Every structure is written in structure tokens, then in C-alpha cells.
Amino acid sequence: MQRASEMEERPETELISIPATPRTTSTPEILTPSGQRSPKPAAPKSAAGAAWTPSSFISPRFLSPIGTPMKRVLVNMKGYLEEVGHLTKLNPQDAWLPITESRNGNAHYAAFHNLNAGVGFQALVLPVAFAFLGWYTAVRLGMLPFLIPNSGDVLVRSWGILSLTIAYFWQLYTLWILVQLHEAVPGKRYNRYVELSQAAFVYLSAGTATALILIGGETMKLFFQTVCGPLCSSNPLTTVEWYLVFTSLCIVLSQLPNLNSIAGLSLIGAITAITYSTMVWVLSVSQPRPPSISYQPLSLPSFSASAFSVLNALGIVAFAFRGHNLALEIQATMPSTFKHPAHVPMWRGAKVAYVLIAMCLFPVAIGGFWAYGNLMPSGGMLNALFAFHSHDIPRGLLALTFLLVVFNCLSSFQIYSMPVFDSFEAGYTSRTNRPCSIWVRSGFRVFYGFVNFFIGVALPFLSSIAGLLGGLTLPVTFAYPCFMWVLIKKPSKFSFSWYFHWCLGWLGIAFSLAFSIGGIWSMVNNGLKLKFFKPS
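Computed from a predicted structure; not experimentally measured. For every chain, the first residue of the written sequence is number 1, and numbering continues from 1 onward in sequence order. For a predicted model such as this one, the threshold for reporting local features is a pLDDT of at least 70, and the threshold for listing and counting side-chain atom pairs is 80 or more; totals across whole chains, interfaces and linings nevertheless cover every residue. Heavy atoms throughout the structure, all of them, feed into the side-chain values; hydrogens and water do not.

(A) A look at the overall build of the protein chain. Strands here are runs of E lasting at least two residues and helices are runs of H or I lasting at least four, both read from the DSSP assignment and numbered beginning at the N terminus. From N to C terminus, the protein chain includes 18 helices and two strands. Intrachain contacts of the protein chain at a sequence separation of at least 6 include 81% that bridge at least 24 residues. Approximately 25200 Å² of the protein chain is accessible, and the part contributed by carbon and sulfur atoms is 67%. Whether two residues touch is decided by their heavy atoms; if any such pair falls within 4.5 Å, the residues are in contact. Here the Shrake-Rupley method, with its probe set to 1.4 Å, supplies the accessible areas, and only the displayed protein chains count as covering residues.

Next comes the structure, spelled out in C-alpha cells:
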């Protein structure tokens, strides 16, 4: 009875390691009180080379009266393997770490996490890119005046919309690659992006958390100014103090133990992201446009200057699709079996999330550029809304918009910081061979929060270099998954899949270099003042 009780309490997990048993060896049936059946050992391939399946043992010899009970045993084992087992190895340390501590995730959680991570402050700077890319590229049709009389130029390409569309579908494809690679190697689940890409992976979570502190603190300051108005005290909080307030809130929320435990926060982040993304473009297009608005791309004195500005703008578009350094972590929270592999609910949730992401990003980019044209401030939609319509839009609506952005930044901080928490605790558990206590776990998270606060105060200009950041982070989203597909899936050399993924990966690397150069040029050309330890 004690043995049966232990088996009943054992959680259903995809990670069950069972030694192979020869075909001629009989296997006894073990039934738990809950009716679950024990897994059946794997068998070697037959002489003909056929792959083993759960029904391989069921041969005509078991149809005799003597063989019938054994047949029932093997059928029961087949059902158990299909519903529960994956013949992979357990890593005991995974049960102690924040990402894999809980494996009760589902498609809803995947949608919440992907949406929370996919829509954020970076979407609000997309109209800045359109100011350089424009709606179109105008070409001279001097050779064809009979086709379009009295017309020197014709609109032929919507570069802003086209680049955003390509980036969106490229990212969606590389996300699908990562979902498929999660269990690409038999006997192993890649639970973390750093495991999958190894040395090639650029760890971006800490940088994103710092940017969230900057955006969140500055937006809290705008919220306070909007709500308080002329009644503000003579000594309002400084920008650094607002950073500290935001960091303190992040640290309090970061005490939630694991990735599944923040699913509610991700739901709040997803709802607030959809809401404020809709509000900023609806409020912008509903107001009269500035009288001096123009939709021509910003003119620069030389061809090289124009080329670099376009590269910087494309870097901003790439920055809107932040790195996939969370896809595998989200999928790792789900149970996975032969019959119900984890990639099915993960991809189902990701598809829903990315439909909603498209419904947020495209209207913000297009509606924002329509409302402000090339007058769009470098800070993005929130700055434009505050600069052009702070007296036209009710203060309550403006304040609500800023408050929603703050909530979204708080929830995004948690999901982007979880891989770092996991890394801290993995180092601790590997050295001590025991799980982190509550005090150790809290200490790691408090330390991490204040390190990001210090970086934000030291480098307050990080939120102003979206083009450079987009170029630097682009490989994680667009290039590395393609390389990993070739190295892990090993398609036939010189096949279409081999050529396609190598070309797509190297194209992403080339774009990363070009966009980074454009971002650096933009910083130099615009005279960005790198005021260390001097937040404005």
C-alpha cells in the first residue's frame, strides 16, 4: 500500500527514464490505486529495421488464452505511454528553479506571457521610424509622361508598412522554429534559450529590465504631472526618485516564486498593453492634426546621411520585435507527453498572442504617423500625445493612458527578469546541491532590481537609442533560430531548407551590423548627449 501511495502521488511528467527490455522478456503490469498504468520498456528495432511502436509487442501469439492477460498488460502500458510518458531523463535541479519549478502551464498562459512580452514601450516608437521611412518611395517617371500626365512622381512602395510587415512575419516564423526545437532532440527538453543557443545567445533580459525602469519611472512622472497639474507642490520628486519608486514596486512583485505564478500579472500586462496601444492611436487620430504636418520622409543633406537614417529607422522597427529569449522558458512551464506534446498548446497560445500583437503594433505605427507625420518627437507616441494634445484631451484620459503604461512596464519587468532569476538560482543550487531558501531567493531579486536601478541612473539615455538596440538585439530574433534549426534538425545539405535557413540567418546578421551602424551614426549626427548619472 505504501508503494502504491507513492506512485499515486508522483506527478505526471514527461521525464521518465526506463531501461530497454528485450522483446522476449515478459513485463509485469503495475496498477496504481488511481488506475494509472506503469510505463512499458522500450524495445530495440527489429531485424528489418522497423521503428518500435507501443503496439509492437502485441503479436498473434498473445491471442491464445494463455497470452491474453499479457496482451492486456501491454495494451495498458501502451495507453500509459501515449497519455503520460516521454522517455527522457529527469534533471532534479529543474524542480528547484523558477522557470521549471511548476509545469502546469497551458495555452492560455502561453498567450498571456507572449502577449505581455511582445507588446510594450517599444511599440510606441514605431511612428518615429515611419518619419524616416515614410509611406512611400517616390520615383521619377520622366520617361513615361503619356501614362500619368502632369505627374512627375508616383507612389510605388510603402516602405514603412512593408518593413513592419516583413519583420512581423519573419519573427513569427522564427518563433515557430523555437517552439519546434524545444523537444527536437530525443530524451531532452531545451527549457531555456541559453541552453539552445549556448555561446551565441546574447543575454538581453537585464538590459530590457533597465529600459523598463527608465520608461516606467518617466511615465510615472508624466502621470503625476497630469493628475496634479498646477496644484503640484513646489518640490516634486526628481526623475531618479521616480526610478526608485518604480524599482521598489518591481522588487515587491518579483517575490512571486516562478514563471507560472506570474501568469496573472502577464494577463494584466497583456490587457493594459492592448488598452493603451489602442488609446494612444485613437486619441491621436481623433484630434486635429498639426497645421505644418508633412508625410515626406525627413530630408537630409547627403545620400549617405539619408541611408544611415533609414538604417536607424529599420533598427527601430527591429527593436519593436524584441528577442525571443522567453519563448523556450514559456514552453518549459508546460507538461509534455507523447500524446500531448508541449509544442501544441504553446503554438496555439502564440498564434492568438501574435494576432493581438499585430492588432496593436500596426495601428500604433500607422495611426501615429498619420496624426503627427514627420513632426513625431524622438520619444514616441506618449511624448507626442503630451506635447500636442495635453490641453485638448481630458486630463483623466491622459492620466489613464500613462497609468496603463506603468502597469504594463511593471508586469513586463517580471517576465523579462525571470530568466535572470533562474540563472542566479541555478548557480546557487549547482554549488550547494539544495534549493534556494525564501531569504536567498528574495535576496537575489532585491539585488537584481537595484543593480538595474543603478544602471538606469548611470545610463539614462538607453531609452533614446532604440535603433542601436534594435540592431544589437536583432540576431536573437531573426538569425540565431535559423542557425539552430540547421544545426539541430540537420536538413539535407544543399537542400532548399538548408539553403533557406542559412541565407535567412546570415541575412539577419547582415541587417544587425547595418542597423547597428545606422544607430551609431544617428547618435553622432543628432548630437545625443550621453549624460552619465544625470537623468533629465
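On we go from here.
(B) Representation of the packing of aromatic side chains within the structure. Note on ring pairs: Phe, Tyr and Trp rings are taken, using the six-membered ring of Trp, and paired if centres are within 6.5 Å. Classes follow the plane angle, with under 30 degrees stacked, over 60 edge-to-face and the rest tilted. Scanning all chains against the criterion turns up 29 aromatic pairs. On the numbers, 5.6 Å between centres and 35° between planes, the contact of Trp176 with Trp485 is tilted. In this pair, Trp176 is assigned in helix H5 (residues 159–181) and Trp485 in helix H17 (residues 480–489), connecting sequence segments 309 residues apart. When its relative accessible area of 13% is taken as the criterion, Trp485 is described as buried. For each residue, the accessible area found with a 1.4 Å probe, counting protein chains only, is set against the maximum for its type, and the residue is called buried under 20%, exposed over 50%, and partly exposed in between.

(C) The arrangement of the environment of Pro297 in detail. As for its placement among the helices and strands, Pro297 is situated in the loop between helix H9 (263–285) and helix H10 (303–320). Along the primary structure Pro297 and Val310 are separated by 13 residues, whereas in three dimensions their C-alpha atoms are 9.6 Å apart.

(D) A look at the environment of Val227. Structurally, Val227 can be placed in helix H7 (residues 205–228). Residue class for Val227 comes out partly exposed when judged on its relative accessible area of 48%. Note: C-alpha distance between Val227 and Leu400 (173 residues apart in sequence) is 9.5 Å. Leaving out residues up to four positions away in the same chain, Val227 has contacts with Arg395 and Ala399.

(E) Region of the structure containing the packing of helix H3 (residues 107–118) against helix H12 (residues 343–372). Between N-to-C directions, angles span 0 to 180 degrees; the directions come from axes that are lines fitted to C-alpha atoms, helices contributing only their stretch in contact. Close contact between H3 and H12 brings their axes to 7 Å; oriented N to C, the two are set at 40°. The orientation of H3 relative to H12 falls into the category oblique. Note that H3 runs across H12; the crossing there is right-handed. Residues Ala107, Ala110, Ala111, Asn114, Leu115 and Gly118 of H3 form the contact with H12, whose participating residues are Pro345, Met346, Arg348, Gly349, Ala350, Ala353, Tyr354, Leu356 and Ile357. Any residue that is not Ala, Val, Leu, Ile, Met, Phe, Trp, Tyr, Cys, Pro, Asp, Glu, Lys or Arg is counted as polar, Gly included; the first ten are nonpolar and the last four charged. Of the residues contributing to the contact of H3 with H12, the split by class is eleven nonpolar, three polar and one charged. We call two directions roughly parallel when the angle between them is under 35 degrees, roughly antiparallel when it is over 145, roughly perpendicular when it lies between 65 and 115, and oblique otherwise. By definition, any crossing whose near helix is turned counterclockwise from its far helix by less than a right angle is left-handed, and any crossing with a clockwise turn is right-handed.

(F) Just the pattern of salt bridges, in detail. Within this document, salt bridges are pairs made up of a side-chain nitrogen of Lys or Arg and a carboxyl oxygen of Asp or Glu, the two lying within 4 Å of each other. For the coordinates displayed, the defined rule picks out three salt bridges. The salt bridge partner of Glu101 is Arg441, with a shortest N-O separation of 3.5 Å. Linking Glu101 in the loop between helix H2 (68–83) and H3 with Arg441 in helix H15 (residues 438–458), this pair joins segments that are 340 residues apart in sequence. Glu101 sits in the partly exposed class, given a relative accessible area of 31%. Under the relative-accessibility criterion, Arg441 is labelled buried at 11%. Of the charged contacts, one joins Glu425 and Arg445 as a salt bridge, the two residues approaching to 3.3 Å between their closest N and O atoms.

(G) Up close: the side chain of Thr333. On the secondary structure map, Thr333 appears in the loop between helix H11 (327–332) and H12. Filtering out sequence-adjacent residues up to four positions away, Thr333 remains in contact with Ile99, Ser102, Arg103, Asn104, Gly105, Leu259 and Asn260.

(H) Layout of the nonpolar core. Working definition of a nonpolar core: buried Ala, Val, Leu, Ile, Met, Phe, Trp, Tyr and Cys residues. They are joined through side-chain atoms within 4.5 Å. Core analysis: the biggest nonpolar cluster contains 108 residues, and Leu164, Phe246, Val317 and Phe321 have the highest contact counts within it. At 15 residues, H12 tops the list of elements feeding residues into this core. Non-local contacts of Val317, meaning those with residues more than four positions away in its chain, are made with Leu126, Ala129, Leu133, Ser163, Leu164 and Ala167.

(I) Here's a closer look at the confidence of the model for the protein chain. pLDDT: the predictor's confidence for each residue, scored from 0 to 100. Mean pLDDT over the protein chain works out to 76, with 70% of the residues at or above the 70 mark. Here strand E2 (residues 153–157) stands out as the element of the protein chain with the lowest mean pLDDT, 39, in contrast to helix H8 (residues 239–253), whose mean of 93 is the highest. In the predicted structure, residues 1–66 sits below a pLDDT of 50 and forms 108 contacts with residues beyond four places in sequence or in another chain. In the predicted structure, residues 196–201 sits below a pLDDT of 50 and forms 13 contacts with residues beyond four places in sequence or in another chain.

(J) The arrangement of the packing of H5 against H17 in detail. At a minimum axis separation of 9 Å, H5 and H17 run at an interaxial angle of 35°. Between H5 and H17 lies a crossing whose hand is left-handed. Side by side, H5 and H17 meet where Thr174, Trp176, Ile177, Leu178, Gln180 and Leu181 of the first sit next to Pro481, Cys482, Met484, Trp485, Ile488 and Lys489 of the second. When the residues that make up the contact of H5 with H17 are grouped by side-chain class, the tally is nine nonpolar, two polar and one charged.

(K) Local environment of H8. Each helix should span, by expectation, one fewer than its residue count multiplied by 1.5 Å. For H8, which comprises 15 residues, the first-to-last C-alpha distance of 21 Å matches the rise-based estimate of 21 Å (1.5 Å per residue) to within 8%. By the burial criterion, the buried members of H8 are Thr239, Trp242, Tyr243, Phe246, Thr247, Cys250 and Ile251.

(L) How the structure looks around the side chain of Arg445. Within the secondary structure, Arg445 is located in helix H15. At 3.0 Å, the side chain of Arg445 and the backbone oxygen of Pro257 are in polar contact. Arg445 has contacts with Pro98, Ile251, Ser254, Gln255, Leu256, Pro257, Met418, Phe421 and Glu425, leaving out every residue within four places of it along the chain. Polar contacts, as used here, are pairs of N or O atoms within 3.5 Å; protein pairs need one atom able to donate a hydrogen and one able to accept it. Residues neighboring in sequence count only if both atoms are side-chain atoms.

(M) Molecular detail of a nonpolar patch on the surface. What makes a patch is a set of residues exposed beyond 30% relative accessible area and free of salt bridges, joined within 9 Å when like-charged and within 5 Å when nonpolar (Val, Leu, Ile, Met, Phe, Trp, Tyr). Taken together, the side chains of Phe447, Val451, Phe454 and Ile455 make up a nonpolar region of the molecular surface, amounting to roughly 370 Å² of accessible area. Its location among the elements puts Phe454 in helix H15.

(N) Seen up close, unusual backbone geometry. Of note in this structure, Asn433 is not a glycine but carries a positive phi near 60°. Relative to the elements of secondary structure, Asn433 occurs in the loop between helix H14 (395–432) and H15. In this model, Phe494 sits at a positive phi of 70°, which is unusual for a non-glycine residue. Along the polypeptide, Phe494 turns up in the loop between H17 and helix H18 (496–525).

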